[in-house]
Amino acid sequence: MKHLYYLLLAIILLPCHAANAQLITTSPTIVQRSSNPIVITFHADQGNKGLMGLTSSTPVYAHTGIIRKGSTKWEYAPQWLDNSAKYKLSYVSANTWQLTIPGINEYYGITNAVEVEKLAFVFRNANGSKEGKTAAGGDIFVNVVQDNEFELTLTSSAESEYITQARDITFTATTTSSADIDIYLNSTTSSPVASAKNATTLTKTIAINTPGTYNVIARATSGTKTATQTSTVTYLGQSTQTDYPGGIPQMGAKANSDGSVTFCLAAPDKSNVLIVGSWNEYDIATSQPMHYQDYNGNRYFWATISGLAADTDYPYYYLVDGQYKVGDPYANLVLDPWNDRYISPTVFPDMPPYPSDKVSDVPLAVYNSSINDYEWKIKNFKGVDQSALVIYELLIRDFNGTEGQSLGNGTIAGVMEKLDYLKELGVNAIELLPVMEFNGNNSWGYNPNFYFAPDKAYGTPDDYRKLVDAIHERGMAVILDVVFNQSDGLHPWYRMYDIDRNPFYNGTAPHSYSVLNDWNQDNQLVQQQFKDALIYWLTSYNVDGFRFDLVKGLGSNQSYNATYDQSTNTWSGVTEDKTNAYNASRVARMKELHDAMRTVKPDAYFINEDLAGAKEENEMSEDNETNWANINNASCQFAMGWQSGSNLNRFYAPLDDNRIWGSTVSYSESHDEERMAYKCEQWGNTGIKGNVAMTMRRLGSVAAMMLMSPGAHMIWQFQEFGADETTKNSDGSKRVFNNKC
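Here is what the cut-offs are and how they apply
- Residues numbered from 1 in each chain as written.
- Predicted model: local features only at pLDDT ≥ 70, side-chain atom pairs only at ≥ 80, totals over all residues.
- Heavy atoms only, no water.
- Helix = DSSP H or I, 4+ residues; strand = E, 2+ residues; numbered from the N terminus.
- Buried < 20%, exposed > 50% of the residue type's maximum accessible area, 1.4 Å probe, protein only.
- Contact = heavy atoms within 4.5 Å.
- Areas by Shrake-Rupley, 256 points an atom, 1.4 Å probe, with all protein chains shown as cover.
- Lys, Arg positive; Asp, Glu negative; His and termini not counted.
- Charge placed at Lys NZ, Arg CZ, Asp CG, Glu CD.
- Axes fitted to C-alpha atoms, helices over the stretch in contact; angles between N-to-C directions.
- Parallel < 35°, antiparallel > 145°, perpendicular 65-115°, else oblique.
- Left-handed = near helix turned anticlockwise from the far one by under 90°.
- Nonpolar A, V, L, I, M, F, W, Y, C, P; charged D, E, K, R; others polar.
- Phe/Tyr/Trp six-rings, centres within 6.5 Å; stacked < 30°, edge-to-face > 60°.
- Lys NZ or Arg CZ within 6 Å of the ring centre and 35° of its normal.
- Pairing = 2+ DSSP bridges.
- Disulfide = S-S within 2.5 Å.
- Core = buried A, V, L, I, M, F, W, Y, C linked by side-chain atoms within 4.5 Å.
- Patch = residues over 30% accessible without salt bridge, like charges linked within 9 Å, V, L, I, M, F, W, Y side chains within 5 Å.
- Salt bridge = Lys/Arg side-chain N within 4 Å of Asp/Glu carboxyl O.
- pLDDT = per-residue confidence, 0-100.
- 1 Å grid on protein atoms, 1.4 Å probe; cavity = no way out; pocket = protein on both sides within 12 Å on 5 of 7 lines; lining within 4 Å.
- Points joined across faces, edges and corners; volume = space filled by probe spheres on them.

Chemist: How would you sum up the overall build of the protein? Please name residues and give values.
Modeler: From N to C terminus, the protein includes 13 helices and 36 strands. By principal-axis analysis of the C-alpha atoms, the protein measures approximately 90 × 70 × 50 Å. Taken across its 741 residues, the protein has 55% of its residues classed as buried. In the protein, 70% of the contacts between residues at least 6 apart in sequence involve partners at least 24 apart. If you sum the accessible surface of the protein, you get close to 29700 Å²; carbon and sulfur atoms cover 47% of it. Mean positive and mean negative side-chain charge positions of the protein (56 and 81 charges, respectively) differ by 4 Å.

Chemist: How would you summarise the packing of helix α11 (residues 632-640) against helix α12 (residues 676-683) if you had to cite specific residues and measurements?
Modeler: Orientation of α11 relative to α12, taken along the N-to-C sense of each, is 45°, at an axis distance of 9 Å. The angle between the axes of α11 and α12 places the two elements in the oblique class. Relative to α12, the crossing made by α11 is right-handed. Of α12, the residues touching α11 (which contributes N632, S635, C636, A639 and M640) are M676, K679, C680 and W683. Classifying every residue of the contact of α11 with α12 by side-chain character gives six nonpolar, two polar and one charged.

Chemist: Describe the packing of aromatic side chains, with residues and values.
Modeler: All told, the structure shown has 38 aromatic pairs when counted by the stated rule. Taking 6.4 Å as the distance between ring centres and 50° as the angle between the ring planes, the aromatic pair formed by W279 and Y314 counts as tilted. Residue W279 is located in the loop between β18 (273-277) and β19 (291-295), and its partner Y314 is located in strand β21 (residues 314-320); the two are separated by 35 residues in the primary sequence. By relative accessible area, W279 is classed as partly exposed at 24%. A relative accessible area of 11% means that Y314 is categorised as buried. Summarising the aromatic geometry, the rings of W444 and W716 are spaced 6.2 Å apart at their centres and angled 25° between planes, so their arrangement reads as stacked. Of the two residues, W444 sits in the loop between β26 (429-432) and α5 (461-473) while W716 sits in strand β36 (residues 712-716), which places them 272 residues apart along the sequence. Looking at W444, the relative accessible area reads 0%, which means it is buried. Overall, the relative accessible area of 2% leaves W716 in the buried class. Among the aromatic residues, those joined into a ring-pair cluster are Y451, F484, W493, Y494, Y497, F504, Y505, W519, F530, F546, F548 and F606. The positively charged end of K270 is found above the aromatic ring belonging to Y497, 4.4 Å away from the centroid.

Chemist: Quick one: what's the story with the sheet that holds strand β3 (residues 38-43), residue by residue and with numbers?
Modeler: An order of β2-β3-β6-β5 is seen for the four strands of this open sheet, with the pairing classed as antiparallel. With one partner strand each, in any of the chains shown, β2 (24-27) and β5 (90-93) form the two edges of the open sheet. The average angle at which neighbouring strand axes cross in this sheet is 30°, direction not considered. Summarising the sheet, β2 and β3 pair through four bridges and their orientation is antiparallel. When the bridges of β3 are listed, T25 appears paired with T41.

Chemist: Go over the state of the cysteines, please, and point to the residues and values.
Modeler: Simply put, the disulfide is a covalent bond whose two ends are the sulfur atoms of two cysteines. The tally for this structure, following the rule as stated, stands at zero disulfides. Sulfur of C636: no disulfide; nearest cysteine sulfur belongs to C680 and is 7.5 Å away. Classification of C636 as buried rests on a relative accessible area of 2%.

Chemist: I'd like a rundown of the nonpolar core, residues and numbers included.
Modeler: With 112 residues, the main nonpolar core has Y318, W493, F546 and F548 as its most contacted residues. Excluding residues within four positions of it along the chain, F546 makes contact with I479, L480, V482, L534, W537, L538, M597, Y605, F606 and I607.

Chemist: Kindly report on the packing of helix α9 (residues 584-598) against helix α10 (residues 614-621), identifying the contributing residues and their values.
Modeler: For the pair α9 and α10, interaxial distance at closest approach is 10 Å and the crossing angle is 20°. Accordingly, the angle class assigned to the pair α9 and α10 is roughly parallel. In this structure, the crossing between α9 and α10 has a hand that is right-handed. For the pair α9 and α10, the contacting residues are R586, V587 and M590 in the first and E616, E619 and M620 in the second. For the contact of α9 with α10, a count of residues per class yields three nonpolar, no polar and three charged.

Chemist: Which residues make up the sheet that holds β19, and what values do they have?
Modeler: Across the sheet, which stays open at both edges, the four strands sit in the order β16-β17-β20-β19 with antiparallel pairing between neighbours. Each edge of the open sheet is held by one strand with a lone partner, namely β16 (252-255) and β19. The sheet shows a mean angle of 25° between the axes of neighbouring strands, direction not considered.

Chemist: Lay out a nonpolar patch on the surface in plain terms, naming residues and giving numbers.
Modeler: There is a patch of nonpolar side chains on the surface, built from Y421, L425 and F718 and spanning about 250 Å² of accessible area. If you trace the backbone, L425 turns up in helix α4 (residues 419-425).

Chemist: Tell me about the confidence of the model for the protein, and please be specific about residues and values.
Modeler: Predicted confidence across the protein gives a mean pLDDT of 91, with 94% of residues reaching 70 or more. For residues 1-20, every residue scores under 50 in pLDDT, and the model assigns this stretch 65 contacts once sequence neighbours within four places are set aside. Of the regions scoring below 50 in pLDDT, residues 720-741 engages in 66 contacts with residues more than four places distant in sequence or in other chains.

Chemist: Give a detailed account of the pattern of salt bridges, specifying residues and quantitative values.
Modeler: For the structure on display, the rule yields 30 salt bridges. Of the charged contacts in the structure, one is a salt bridge between R586 and D610, with a shortest N-O distance of 3.9 Å. Taken together, the residues span a long stretch of sequence, with R586 in helix α9 and D610 in the loop between β33 (605-608) and α10 at a distance of 24 residues. Given a relative accessible area of 0%, R586 falls into the buried group. Its relative accessible area of 1% is what places D610 among the buried residues.

Chemist: Now, about α12: what can you tell me, with residues and values included?
Modeler: Those residues of α12 that fall on the buried side of the exposure criterion are M676, A677, Y678, K679 and C680. Residues of α12 that are buried in the fold lie against α11 and α13 (692-707).

Chemist: Report on empty space enclosed by the protein, specifying residues and quantitative values.
Modeler: For the structure shown, the criterion picks out two cavities of 30 Å³ or more. In this structure, the largest cavity encloses a volume near 70 Å³. Forming the boundary of the largest cavity are L432, V435, Y464, L467, V468, I471, V478, L480, W537, Y541 and V543. Mapped by element, the contributors of at least two residues to the lining of the largest cavity are α5 and β27 (477-482). The dominant element in the lining of the largest cavity, judged by the number of residues it contributes, is α5, at four residues. Taken together, the residues of the lining of the largest cavity sort by class into 11 nonpolar, no polar and no charged. Its volume calculated, the second largest cavity comes out at about 40 Å³. For the lining of the second largest cavity, the class distribution of residues is five nonpolar, two polar and two charged.

Below is the structure:
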């Protein structure tokens, strides 16, 4: 099944735990094999929140099947995107939807004896472009209890297992058959706080007034069968107002002169944050609340930790308002609980292990005092003038790997082996597709989650630095492709808020090119994060500049002339014409980022994927910025031997709608387009189609005209001719990539 991979990522709604703010709830509370009917209530504001905010006018469907005992395989599920009435959910209220299953056999079409262990779900909109899954992006499961089994479940009215204020919490014990039920507080050796004889439910409200951990235990006995379940609620201490040392908060982890480390998280509108780390075995009950300071209209939480040994890994995370477990947006290394296990030790030796026995379902930041220590061989590299760049666009995932196979297992070590080839090719700069910590291990990188951490799928932090050094040794520059228009769903600032009240993100984008989660470009902390990230990679990884993805999405919200609905944090009236129109705020925004870069590396390369009009891009070039110039269509027409649309004058900036000389990086292919060779093979003119030798000559002619035109140019990495692969990007974009050169 399409979703089998995510089985490893899923949270299972077991009937043996307290249910707090569940992604789905069921009626009956314990689903049995013969339950009839079963009402599934889907809470779209939980989990990955992919369907959050949809109204009754937008249908939601369940893609659902069963998992039989002893298996991990989906069965009795429909084809993906089956919009039959039986799979359509009913709208109940905001972010609440229901699906009624009349009976497991009837609904799923089971006609023989099948021992069903779980019901499996993914919720989606009609075309599957939006999905409701677990917070980790996994499938959702409901346990099914066999009719002859005795089960007990214990649920709680608390939204999570942590609370930040004194309150009364109601606990409900439910059994599959009549039983004697007792509820205890902290120990079954004391007298029960509530009891019921020959019952199937027992409810008790407990006042929690003092900070600490409360264990509520339910025990039920039916004949010779006894079941016990525990629900834990921890009342956290309060964050208190105390100014950050020095008075100006600095996000991330900062080492102090006395050996201590101060950690700081920006969290506007939040009231309580704990830092939970390996230094106290991730014990939330004994973790101290962070202090907070309100500064320049934002709230920052901070704590200073002493006694951390030098050159030692300390994983940690933040618990926000007792509800959200998140990593550190400024983490320099991130541990992924879902994907790290698949990274080979040969790629990342001695990777810090994820403490899965103590923590789950949250990316961990890693603090190490020496994580950025590196003895550079080339300390003052100077590349060619920006207008003379010949860039090789390189995706580490596909550039190298198992020879002759498209496995996507390229690594930094493999790139290192081919640097001499790239030097001999004549390029003077290598542009790496995004390498900042992205979702999963197999991606183009346009789905970042953390902007200060290199993704471990390609190698260690020092592997990246060795690569930069080796490229510099050969006289080539290093340019990073960065994604400031969107992030994936594990960024801490995305996970900390419901999307309709998230100050860092737009619920829907004000521009027409949004793919994932659209950053609120007007938020000062978002822009500070971007500026700090640029400075970090320029200094800690010694890169030489950046290519900025989808600059059209980096303008101020109001600049797109869309209509904002504050109650839902969404934009309507979005059109391509408005997005593509001249936008002064984009010019100003890129200059701000450039000014930040100049503070540490004045001559760093600055390349925009703006693909806008000449007026906007010429204003950017006046700030010594260059802009992508896409000549793919004309290049393909020329290569295929068709006269129409084959003029290649745009390789030279002044002939490209009067753009300023040297202001463009023109190219015939990039990662966004189909290969010219593939088009020649499919649609070439007579004498070209099916003629490999002629195709190669045609491609050589395009390359010669491009590279001999004055100005900067770029080539997209070569692949083995004939090894065809069509890949849907794991970051949600709709790019098609064919390994043709």
